[in-house]
Amino acid sequence: MNYKNGVSFMASVSLCMIVKDEEAVLARCLDSVKDLVEEIIIVDTGSVDLTKEIARGYTDKLYDFEWIDDFSAARNFSFSKARGDFIMWLDADDVLSEKNRKSFVRLKESILGNADVVMMKYETAFDEAGNPVFSYYRERLLRRELNFHWEGRVHEAISPSGRIVYSDVAVTHLSAKKEYGDRNLRIYESQISSGESLSPRDRFYYGRELYYHKYYDKAKRILSDFLSSDEGWTENNIEACKILSLCFVETDEPFSALEALTRTFRYDIPRAETCCEIGNIFMSLENYRTAAFWYELALGLPKECKSGAFFSEDCHGFFPCIQLCVCYDRLGEREKAERYNRLAGEYRPYSVPYLQNLKYFETLRSQDGTFS
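Quantities reported herein were computed from a predicted structural model and do not represent experimental measurements. (Residues numbered from 1 in each chain as written. Predicted model: local features only at pLDDT ≥ 70, side-chain atom pairs only at ≥ 80, totals over all residues. Heavy atoms only, no water.)

Trainee: I keep staring at the pairing of strand β4 (residues 39–44) and nothing clicks. Help me out?
Mentor: On a regular strand, each side chain points to the face opposite its neighbour's, so the side chains alternate between the two faces of the sheet. The buried count for β4 comes to 6 of 6 residues, which makes it a mostly enclosed element. Burial along β4 is two-sided: the face carrying E39, I41 and V43 and the face carrying I40, I42 and D44 are both buried. In terms of strand pairing, strand β3 (residues 13–19) meets β4 through 6 bridges, oriented parallel. Directly across from L15, in β4, lies its bridge partner I40. In this fold, the crossover linking β3 to β4 by way of helix α1 (residues 26–33) has right-handed handedness. Direction of pairing for β4 relative to strand β5 (residues 62–64): parallel, over a ladder of 3 bridges. Pairing of I42 across the sheet is with L62, part of β5. (Buried < 20%, exposed > 50% of the residue type's maximum accessible area, 1.4 Å probe, protein only. Helix = DSSP H or I, 4+ residues; strand = E, 2+ residues; numbered from the N terminus. Pairing = 2+ DSSP bridges. Right-handed = clockwise from strand over helix to strand, strands pointing away.)

Trainee: In this structure, what is going on with the nonpolar core? I would like to understand it.
Mentor: In globular proteins that are soluble, nonpolar side chains generally tend to be buried together. With 108 residues, the main nonpolar core has L15, F104 and L141 as its most contacted residues. When sequence neighbours within four positions are dropped, the list of residues in contact with L15 reads L30, V33, V37, E39, I40, I41, M88, W89 and L90. (Core = buried A, V, L, I, M, F, W, Y, C linked by side-chain atoms within 4.5 Å. Contact = heavy atoms within 4.5 Å.)

Trainee: Is there a simple way to think about the pairing of strand β9 (residues 132–143) in this case?
Mentor: Across the 12 residues that make up β9, a large majority, 10, are buried. Relative to β9, strand β8 (residues 117–126) runs antiparallel, the two being bridged by 9 bridges. Looking at β9, one finds that V117 is bridged to L142. Looking at chain direction, β9 and strand β11 (residues 311–312) are connected through 2 bridges and run antiparallel. In the sheet register, F134 faces β11, and the bridge partner there is S312.

Printed below as a string of C-alpha cells:
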C-alpha cells in the first residue's frame, strides 16, 4: 500500500488519450486497461469514423479538440481534464498484456506513493515468437499535482523531474497502420516557414523525418547542424549520428557513414547498436574480418536500456551472431560460423535466417562427406 500522512491509500489513475479515426484499435486498447484506472478521458481531434461512438462505451468524459497541428496542445488539454492522483497516457494502438496488467496492479499498490514520474518500457517491435526486440523508456505515469507539461508539436515529450522510478511494467505498441504519411514533416516545415524556431530536440526529429522521406542530402545538413550546435541531449546526439550515417549509406558514401558512427564515441562508450551499424558497413565493403570485430564487440557490451535510448535487444544477441555466422563463413572458418549460428538460434529459434543457415551447413557437410 501507499501511505500519506500515515494513512494507507490506493493511488488513483486517470488515463488520458488523444485520438482520431481509431475505430480499428481503440476498443482493444481500452479493454486492456479499463479496470486498472479510475478515470478515462478521451480527447477526439476530428474523427470521421466510429471512434467517438466506441469511446462512449467506456467513458462519459469525451471531449472535442480542434486539431491545430500540435500534439502537445492536445495532450495538455487532455491532462487538464484529469482528476486522479496520477495521469497515464496511451495511444490508441497501445495495449497492456496480461502479464503487464498484473504488474500494473502491483505498481499501484506499492510504488506510486513514492514516485512523481514512473518510467515504463515502450515495446515497439517483436520477433517471430512475439518477444520484444526494440524498446525505450517513456514517462508514462505522472503525478497530477506537479502540473507536468507536454512540449513539442511533434514527437511531444515531458521532461521528467522529481522522484523518478523505473518500472518493470511495459506498454506494447501494436500499430495497425500500413503506411505513414507526411504529417510530421509537414508540421515541422510549417513551423519553419512561419518563422517559428525549432528546439534542438525538434531539429533532431526534423532531420529524422527527412531521412524517413528519403530527403537524404537535406537530412544530412539538418543533422550535421544539429550535432554542431552541441545543444542536444546525449541520446539524441547518438541517434542523430546513426541516422546521419544511414543517410551516407543511402548515398553510397560508406566512409562518411563510418565517420558519423564513430562520432557517437564523443558522447558515451560504444553502444551495441552503433557497433552493429559499423559492422554492417564493413560487411558491405566485404571486409569481413573487421566486420566480425565490431559484431563481437557488440556482443560484450552492457545494455543501456534505462538511458532513454532506443534499445535494440537484437543488437546484443541475435543480430551480431547471425552476422558473425556470415562473416566467418565468407572467411572460410566454418566451425566458427556454425557456432555463431547456433548461438543466434538460442536467441531466436524460429528466425528464418537461422533456420536457413542450419540447412546450408547441413548441405555443406553432406557434400564434403562429413554429414552425420
